[in-house]
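# Coordinate analysis (summary)
In case you want the letters, here they are:
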Amino acid sequence: MRLLKRPTALQPAVSASERRLFGGPLRYDAGWSNHDYARLEGRLLSTLRSMPRMVAGTLRLAWDTDRPALLTVAAAEAGQGVTSAVGLLVLSEVLRTLLGAGTPAEGLHAAVPALAAGALVAVLGAVLASRSTAAAGRLEPKVERAAYEQYLKAAVEVELEAIEDGEFRRLLDSAQWGPPSARRTVGACVATLGGIISLVATAGVLTVLHPLLLPMLLLIAAPRGWGAMRVAQRRYLSVITWVEHVRAARLIGQLLISRTSAPEVRVHGVGRYLLGHYRNMAEVAETEATRLAKDKAATELLAAALSGAAALVTYGAMVALIVTGRMDLAVAGTAVIAVRTGSASLGALVATTNTLHEESLYVRDLERFVAEAGRRAIPDGGLPLPERLGTVRLEDVRFSYPDRDEPALDGVSLTIEAGTVVALVGENGSGKSTLVKLLAGLHLPDSGSLTWDGVEVRDADREQVFDRVALLTQDFERWPVTARTNIAIGRPGAEGDEESVERAAEVVAAARYAGADRVVEKLPHGYETLLARVFRGASELSGGQWQKFGLARTRFRDARVIVVDEPTSALDPEAEIAAFDSIRGLTGPQRAVVLVTHRMSGVRYADVIYVLHEGRLVEQGGHEELLALGGRYASMFRMQAEQFAQQPPTLSPSPSPSPSGASPIPRQAGASPNGTSVT
Ligand SMILES: Nc1ncnc2c1ncn2[C@@H]1O[C@H](COP(=O)(O)OP(=O)(O)OP(=O)(O)O)[C@@H](O)[C@H]1O
Ligand SMILES: [Mg+2]
């Protein structure tokens, strides 16, 4: 009886390891998938009813990517259905002729035309099947690609806030299974379509032979259908409920083999520690797999027994019909074959419908993700920004991260003028990086206003805001690409433009500007060296060397507002002085530099220094002014100066050329019409 209950979502066990490592179960709270639970608890019929809606998305993708292939598949499958029906009728004719003739030889002779027709129909069926296979094979990868593209495009277009939101990330994660499922959905659709058509054909033939045969066929296949559907529902529920558990175990696996964790894994014995937890978590997951397997075995056994009983009844009824003379032998012969092929194709149909159902659940996750990503996407269009940069102004800006009560920025008002260097200082967690993200248009203020030359950033064309910003964050990306591309990726070029001689020269100039050229000289293949140790022939850089590449990338981007967050934290003293000099050298009449750093020596020549404390702006002014004020800035500055027990390193007061002595890259005052400035 337990088997007849509807599957429901179970609360999986929480392993002790999950509690220790993650403070509790690491799995989805299923808030977003309640919808599916509701449907899963529905019955077979409602599942079948919802199917067209569920496969509609995949079929639409198929229609958009390769219409001829989709039509070919549909036509070939329909053709096959017709050939199988005709085949059965021909078979019936052959049997009738054979049984009705006097001698077997006469019978064979009389049956030759029907046999020839049967052979022709079989050949036609085979040709149609091969056409369908070829077209479906062409279609499937295209659909997967289109679905994956849809997924990635939706993911890159959402606001940063969505990416940082755990709930959205879960959706992002589960939607990854959508594209391969879309591919399999195509295959399952084809099989289901073929199954339905050939079943309708067989059913038609059976009805013509005897009206009782069709209900009997359904009786044989129904239990198997129920069993397969139930197993699929269980599996889906299990996957959804356990997905974070699986992810947590995978995370541990990745930590164990990652390059960055390798030293601690060895020296601190973290390897053994995590491996133990991995085993613990895997064992808990295995109990779930065992439960599923047992349930599946029991379900299938019950289904097979019911189906067998139905077959017995069917054949019994046929014998009774023949004995009582209500069915002739030729019809009975064809009927046996038709029932066999019919129940086999009904069984296959149930299996494919089932696959279709299961796969379409994952495709639904993808569709839900794309819809949610659409709601959280960075809006397209908006007010244009003036070509020339004047002032970026923040007035009474307040911003809180979604999962935090305390605001990260509270009532901040400041201005950034073209042609100036602005420094942001403050202790850890004071809100500097958050301010930088707001400036770059990555986050929008909760209240207050942030304007670019009078245009509220909320209403502005965000594409244009991004175009005007070069951002070197604390955790800038170390792309696993060549040294050249690592710099050039600061301003991705149009296709064709990538190879241009001018662009190559600009890369070299940007590298020279940041002191990365000396790093490149030592690389085995110069600018073409792959910077990712994990790949063959690649080289790895030190933290400071990477920072030089980050700076070169920022220089190459050549934007109007250049934001550098802790650009020198890993640089040696000499490189640091050079870097601060070069950063100041970036300013121009149309360019502003926003410098975030804890190195007070780098701050002193900024035109304006803003001091943040717990999300509030507490001091502002020039270096001397703030020293004279004797507040937070003055004490931070003195503390560092005392720490080194000497004067802070002196910087030349005027913007100087790049460290290697080469002249900076010539800049153009104007900007291209699309808003990206060119050098
Ligand atoms: N993505 C985030 N989600 C939630 N809270 C965040 C996030 N990033 C930062 N915070 C919080 O916002 C506050 C300000 O952080 P922010 O990174 O802006 O500080 P910061 O001044 O750059 O510090 P640091 O000098 O250490 O780089 C901190 O309390 C931090 O915990
Ligand atoms: Mg920071």
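Around ligand 1 there are 15 residues in total, and Gly429, Lys432, Ser433, Thr434 and Gln474 lie nearest to it. Contact distances for ligand 1 include 3.1 Å between a nitrogen atom and a side-chain N or O atom of Glu164. Take Gly429: an N or O atom from its main chain is 2.8 Å from an oxygen atom of ligand 1. Within the complex, 73% of the 630 Å² of free accessible area of ligand 1 lies under protein. No other element matches helix α13 (residues 432-439), which puts three residues into the shell around ligand 1.

What follows concerns the pairing of strand β3 (residues 421-425). Every other side chain in a regular strand lies on the same face of the sheet, so the side chains alternate between the two faces. When you tally the buried positions in β3, you get five out of five residues, the bulk of the element. Here β3 shows no split at all, with Val421, Ala423 and Val425 on one side and Val422 and Leu424 on the other all buried. In the sheet, β3 pairs with strand β8 (residues 592-596) via four bridges, with the strands oriented parallel. Bridge pairing in β8 places Val421 opposite Val593.

With that settled, consider the sheet that holds strand β10 (residues 616-621). Either a parallel or an antiparallel arrangement is found when strands of a sheet pair, and the pairing is made through backbone hydrogen bonds. Reading across from one edge, β6-β7-β8-β3-β9-β10 is the order of the six strands in this open sheet, with mixed pairing throughout. Looking along the sheet, the strands with just one partner apiece sit at the ends: β6 (469-472) and β10. Across the sheet, the mean angle separating the axes of adjacent strands is 15 degrees when strand polarity is ignored. With five bridges joining them, strand β9 (residues 608-613) and β10 adopt antiparallel strand pairing. The partner of Leu612 across the bridge, within β10, is Leu617. Of the strands in this sheet, β3, β6, β7 (561-565), β8 and β9 are in contact with α13, which crosses β3 at around 140 degrees.

Turning our eyes to something else, we now look at the confidence of the model for the protein chain. Within the protein chain, residue pLDDT values average 83, and 88% of them lie at 70 or more. When pLDDT is averaged over each helix and strand of the protein chain, the minimum, 42, is found for helix α2 (residues 34-40) and the maximum, 96, for β9. Low pLDDT (under 50) marks residues 28-42, which in the prediction has 43 contacts with non-local residues, meaning those over four places away or in another chain.

In this section: the sheet that holds strand β5 (residues 455-456). In spatial order, the strands read β2-β1-β4-β5; together these four strands make up an open sheet with antiparallel pairing. Both outer strands of the open sheet, β2 (409-417) and β5, are each paired with one neighbouring strand and no more. Most of the contacts of α13 go to strand β1 (residues 391-399), to which it runs at about 125 degrees, and overall it touches β1, β2 and β4 (447-452).

Rules and cut-offs
- Throughout, residues of each chain are indexed from 1 in the direction in which the sequence is written.
- Starting at A for chains and at 1 for ligands, labels are handed out in the order in which the entities are written.
- Residue-level local features of this predicted model are given only where pLDDT is at least 70; pairs of side-chain atoms are given and counted only at 80 or more, and the full residue set underlies all totals for whole chains, interfaces and linings.
- For side-chain calculations, the full set of non-hydrogen atoms in the structure is used, while hydrogens and water are omitted.
- Near is defined per residue: the residue qualifies when any heavy atom it owns lies within 4 Å of the molecule or strand.
- Think of a polar contact as two N or O atoms within 3.5 Å of one another; within protein, one of them needs to be a possible hydrogen donor and the other a possible acceptor, and neighboring residues in sequence only count if both atoms come from side chains.
- All accessible areas in this document rest on Shrake-Rupley with a 1.4 Å probe, and a residue is counted as covered only by the protein chains that are shown.
- Runs of E in the DSSP output that reach at least two residues are strands. Runs of H or I that reach at least four are helices, and both are numbered from the N terminus.
- Each residue's exposure class comes from its accessible area (1.4 Å probe, protein chains only) as a fraction of the maximum for that residue type: buried when under 20%, exposed when over 50%, partly exposed otherwise.
- Strands pair, by our definition, only if DSSP identifies at least two bridges between them.
- In this description, a line fitted to the C-alpha atoms serves as the axis of each element, helices being fitted only across the stretch in contact, and the angle between N-to-C directions of two axes falls anywhere from 0 to 180 degrees.
- Should any heavy atoms of two residues lie within 4.5 Å, those residues are considered in contact.
- One number per residue, pLDDT, summarises how confident the predictor is, and it ranges from 0 to 100.

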